[in-house]
Amino acid sequence: MAKIESWFTSFMLGAVCGFFPTSLLLLITSNMLDKRVLHDLRFEQANSDPHKEQRQYSPLHQYNQKGEEVAFEMAKKVRILCWVATVPENHKTKAVHIRDTWGKRCNILLFMSSKNDSSLPSIAITTKEGREYLFDKTKAAMEYVYKFYMESIDWVLKADDDTFVVVENLRYILAKHDPSKALYLGCRFKPFATQGFMSGGAGYVISRAALRKFVQEAIPNKDKCLQSGSGAGEDVQMGICLMNVNVAIVDSRDDKGRGRFFPYSPEFHLFPVHSQPYEWYWEYQYYPDHEGLDCCSSTAVSFHYISPHQLRVLDYLVYTLRPHGTSLYYRNSSIVIHI
């Protein structure tokens, strides 16, 4: 009987001694796992999204005509991931037109939204929409790009769903720079950040190295980057964060000092308005601004506030219309418009 009691006592002592440390370890591990799951929750859909492969375009297929050899080679050497900020109500009215025009000339095209939509396709990168959440969307989008595409790209272009981009001209500019250096370019404005910031509407570009610094050094640090909300604006916050992690700004103007990234339509910059509500634009300009036909470089990259109809018109004028008798090769192409 004494042996049985001794065995039982030993068994209970061992069970108790083993149970509590094990339970504590499981509790700690579970808590860590919960945090990891919460951190990766916004990427959960993307990991299982059957349309993920459709987001990778081959711009090489766009350059199969005589006279396009340079664009063909540049598309292989300067790899650009374009991500477009959009919202569910704009998927079929705005975003689809970017997909069918300039977006297909990017090496990789992503649409960042709050709803997955296989017709674009789009990624539900956030659950909240509105200007006050734009910077949160940008941070999540950049983390997504960093996680899934870091080794496949050289540059990242962020644009709005009413931005028109001449991707070939962007490659022309970027080919002169090293993506392994932390660089940032676009339409440069001067307030809020010591080195200025780039207009969000005109689209801005960061190098692969700048993306790494933004995700690894800026986003986690509350002293370097706003943790929630958009503050003075998404583009302002982006400029501040990049400045705080020593990302250098590239002057994107051409050799005549003409701009290449524009926050308004071509009409506005060709026929500028200096009265309200546009006075802010002239006050924000970092560089001296040119007006009229000298406003814009012949290798301009982007314009903003472009309607779906205007987007199709610009795409036609840039890629289809050719003056007869010039050295520019012209070709016929079918344009299908769904508005």
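Above this note sits the structure.
Residues numbered from 1 in each chain as written. Predicted model: local features only at pLDDT ≥ 70, side-chain atom pairs only at ≥ 80, totals over all residues. Heavy atoms only, no water.

A. Examining the state of the cysteines more closely. For the structure on display, the rule yields three disulfides. For C225, the disulfide goes to C241, at an S-S distance of 1.9 Å. Because the sign of the S-S torsion sets the handedness, a value of about 95° for the bond joining C225 and C241 places this disulfide among the right-handed ones. Of this pair, C225 sits in the loop between α7 (208-218) and α8 (234-244) while C241 is found in helix α8, placing the two residues 16 residues apart along the sequence. The class for C225 is buried, based on a relative accessible area of 3%. Looking at C241, the relative accessible area reads 0%, which means it is buried. For the protein, the disulfide bridges join cysteines in the arrangement 1-2, 3-4, 5-6, where the cysteines are counted in sequence order. (Disulfide = S-S within 2.5 Å. Helix = DSSP H or I, 4+ residues; strand = E, 2+ residues; numbered from the N terminus. Buried < 20%, exposed > 50% of the residue type's maximum accessible area, 1.4 Å probe, protein only.)

B. Focus on the nonpolar core. W83, W102, L110, M142, V145 and F214 are the most contacted members of the largest nonpolar core, which totals 84 residues. Ignoring any residue separated from it by four or fewer positions in sequence, one finds W83 in contact with L110, M112, T138, A141, M142, V145, V156, L157, K158 and A159. (Core = buried A, V, L, I, M, F, W, Y, C linked by side-chain atoms within 4.5 Å. Contact = heavy atoms within 4.5 Å.)

C. Representation of the packing of helix α5 (residues 134-149) against α7. Viewed as axis vectors pointing N to C, α5 and α7 meet at an angle of 115°, and their least axial separation amounts to 10 Å. When the axis of α5 is compared with that of α7, the two are roughly perpendicular. Two packed elements cross with a definite hand, and for α5 against α7 that hand is left-handed. Contacts from F135, K139, M142, E143, V145 and Y146 of α5 reach α7 at L211, R212, F214, V215 and Q216. Counted by class, the contact of α5 with α7 contains seven nonpolar, one polar and three charged residues. (Axes fitted to C-alpha atoms, helices over the stretch in contact; angles between N-to-C directions. Parallel < 35°, antiparallel > 145°, perpendicular 65-115°, else oblique. Left-handed = near helix turned anticlockwise from the far one by under 90°. Nonpolar A, V, L, I, M, F, W, Y, C, P; charged D, E, K, R; others polar.)

D. Main features of the pattern of salt bridges. Considering all chains together, one arrives at 16 salt bridges under this definition. As a salt-bridge pair, D315 and R105 come within 3.0 Å of each other at their nearest N and O atoms. With D315 in helix α11 (residues 308-319) and R105 in the loop between α4 (91-100) and β2 (108-113), this pair connects stretches of sequence that are 210 residues apart. Owing to a relative accessible area of 10%, D315 belongs among the buried residues under this scheme. A relative accessible area of 6% places R105 in the buried class. (Salt bridge = Lys/Arg side-chain N within 4 Å of Asp/Glu carboxyl O.)

E. Layout of the environment of C295. Positionally, C295 belongs in the loop between α10 (279-284) and β11 (302-303). Given the relative accessible area of 3%, C295 is considered buried. For C295 and P272, which are 23 residues apart along the polypeptide, the C-alpha to C-alpha distance reads 9.3 Å. Setting aside chain neighbours within four positions, we find C295 in contact with R258, G259, F262, H269, L270 and H290.

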